[in-house]
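What the coordinates show
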Amino acid sequence: MVETVSRRCLGEPTEPANIVIFGAGGDLTKRKLIPSLIKMLRCGLLHPKSRIIGVLKGRTEETWLESLYQGIRTYAPEISMDKAQWQTFSGMCRIVSGDLKQDETYVDLDAALEMIDGHCHAMFYCAVPPNWYGMIATGLKKMGLSDETAGFRRVVIEKPFGMDLESAKKLNRELQTSLDESQIYRIDHYLGKESVQNLLVYRFSNSILEPLWNRNFIDHIQISAAESIGIEYRANYYEKSGALRDMIQSHLMQVMTLVAMEPPVEFTADAVRDEKIKVLRAVRPIETEDVKKQTVAAQYGAGHIGGDPVKSYVAEEGVSPESATETFVAARFYIDNWRWQGVPFVLWTGKRLPRRVSEIVIRFRKPPFNLFDVQGNPPLANALVFRVHPDEGIALRMNAKLPGLTTELKRSVMRAPYAEDEGDISDAYEVLLHDVLTGDATLFSRADEVEESWKIIDPILQAWEDKLSINRYQAGSWEIEGMDELLSGCELGWHKPTY
Ligand code: BG6
């Protein structure tokens, strides 16, 4: 397959490996894993001798491949493939048909793993419900599939990593009974986003930021993920999860650790993760009596987005009409250390908001003295905004003089788009699959990190335990009760990504 090589293709090539997907008939495989593997192959980031082995039940290889092909058409139409190209890719794919509860399936899988160029490397991707992870790890261990004598053996799991501290610990114990921690790759696709990784590069390769990156200059920080989509037929999961577990405990808290961490001694997986965990340990748990003051929870009602009518959360298929599950959540955290003492970190996310925007907003303290107040229009606090998506890039919001004879101020925004060309931005799954295959665990969560983050979330969940009702917001609206109070005292208040 020939394609113009863009800069994202310049990563380290992977060794040929067996890429095993448990749950290969599911949505994640079609939407994300297969398109990413195809793109990696085209870039030379996936070794063409690699094998993709789908483990699933009740399908023939032919019907499975047909569904993958249709999946690409639907979810990754940017991949144009002629027949010959598809044949090259599908020629790398096999299935192992069987039930993951049965030992025979692992025996068949063992037989299907190929020795390629003298090694039998394998990545096992668990695209299955989390309550199967322990069983799969046990099955792999029992049949000797996790043994690394013939090549690496790495297991990838998706969030949620538990539903609270206790279940997270249980899951870690189950996995660690069968696997070494270094074999476990807990994927958080937010960390695979180019602009999130770029945050570390901005912070630690530019000397102008570091002197400002602390409580002396920063007023507060907002880390957000607004979505316009709803729960997309995932009521079963979402009803139990809610926005706090779904987005804050995982993605946004991970981003917070990157914003707040100290420079690591080297850019290696453990050095970075050691610094991230220090941040989580320093987050002040929200006391029960402060949960009301330091969090906002709400649920979308019916409304309009982009002119189209949208139903309420409780009217979604599979959602209880009495549901008090939050689809919007915000929490104000404090990090008790020298760098961040007293600086609020406000993490917020919501579904069915007017737009899909994810940002990290660093708001600086306001100018100490207003020299230009002649027109009653004082200078505003500066802000540095990292746009995670869409339009990945950085914007610095400054005050400037409005051209003319008076000294009026205007807001001037200096923008630096992240990539010159959209094609240079890799999909998070491409980045993360490549990292697993090359053994770079920097962007994956370690067991201790997961447990620390639940320690922060658990008190909020406990305080909400008896929640029978919840505030509503209209789908497609930024009017969320309690947000102004939550950001009280924060320079310029809630940053709604309206532009
Ligand atoms: C997932 C959540 O992890 O992230 C979803 O389960 C959410 O509810 C999604 O929609 C958001 O990811 P992205 O990359 O679209 O911001």
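Just above, that's the structure.
What comes next is a walk through the structure. (Residues numbered from 1 in each chain as written. Predicted model: local features only at pLDDT ≥ 70, side-chain atom pairs only at ≥ 80, totals over all residues. Heavy atoms only, no water.)

**Concerning the packing of helix α5 (residues 133-142) against helix α6 (residues 165-178)**
How two helices pack is summed up by the angle between their axes together with the distance between the axes. It is the contact of α5 with α6, at a shortest axis distance of 8 Å, that shows an interaxial angle of 10°. Classified by the angle between their axes, α5 and α6 sit roughly parallel to one another. Residue-level contacts link Tyr-133, Gly-134, Ala-137, Thr-138 and Lys-141 of α5 to Leu-171, Glu-174, Leu-175, Thr-177 and Ser-178 of α6. Its residues placed into classes, the contact of α5 with α6 shows four nonpolar, four polar and two charged. (Axes fitted to C-alpha atoms, helices over the stretch in contact; angles between N-to-C directions. Helix = DSSP H or I, 4+ residues; strand = E, 2+ residues; numbered from the N terminus. Parallel < 35°, antiparallel > 145°, perpendicular 65-115°, else oblique. Contact = heavy atoms within 4.5 Å. Nonpolar A, V, L, I, M, F, W, Y, C, P; charged D, E, K, R; others polar.)

**Describing the site of the ligand**
Taken together, 13 residues are adjacent to the ligand, and Lys-193, Glu-227, Arg-234, Asp-246 and His-251 come closest. A distance of 3.0 Å is found between an oxygen atom of the ligand and a side-chain nitrogen or oxygen belonging to Lys-159. Tyr-190 has a polar side-chain atom sitting 2.8 Å from an oxygen atom of the ligand. Its free accessible area being 400 Å², the ligand has 83% of it covered by the protein chains. (Near = heavy atom within 4 Å. Polar contact = N/O pair within 3.5 Å; in protein donor to acceptor, adjacent residues only side chain to side chain. Areas by Shrake-Rupley, 256 points an atom, 1.4 Å probe, with all protein chains shown as cover.)

**Here we look at the pairing of strand β6 (residues 184-187)**
Burial along β6 is two-sided: the residues Ile-184 and Arg-186 and Tyr-185 and Ile-187 are all buried. Note on the crossover from strand β5 (residues 153-158) through α6 to β6: the handedness is right-handed. (Buried < 20%, exposed > 50% of the residue type's maximum accessible area, 1.4 Å probe, protein only. Right-handed = clockwise from strand over helix to strand, strands pointing away.)

**Things to note about the side chain of Ser-323**
Examined against the element boundaries, Ser-323 turns out to sit in the loop between β10 (308-310) and β11 (328-334). By relative accessible area, which is 6% here, Ser-323 ends up buried. A distance of 2.7 Å separates polar atoms of two side chains, one belonging to Ser-323 and the other to Glu-239. From its side chain, Ser-323 meets the backbone nitrogen of Thr-325 in a polar contact 3.1 Å long. Once residues lying within four places of it in the same chain are set aside, the contact partners of Ser-323 are Glu-239, Gln-299, Tyr-313, Val-314, Ile-470 and Arg-472.

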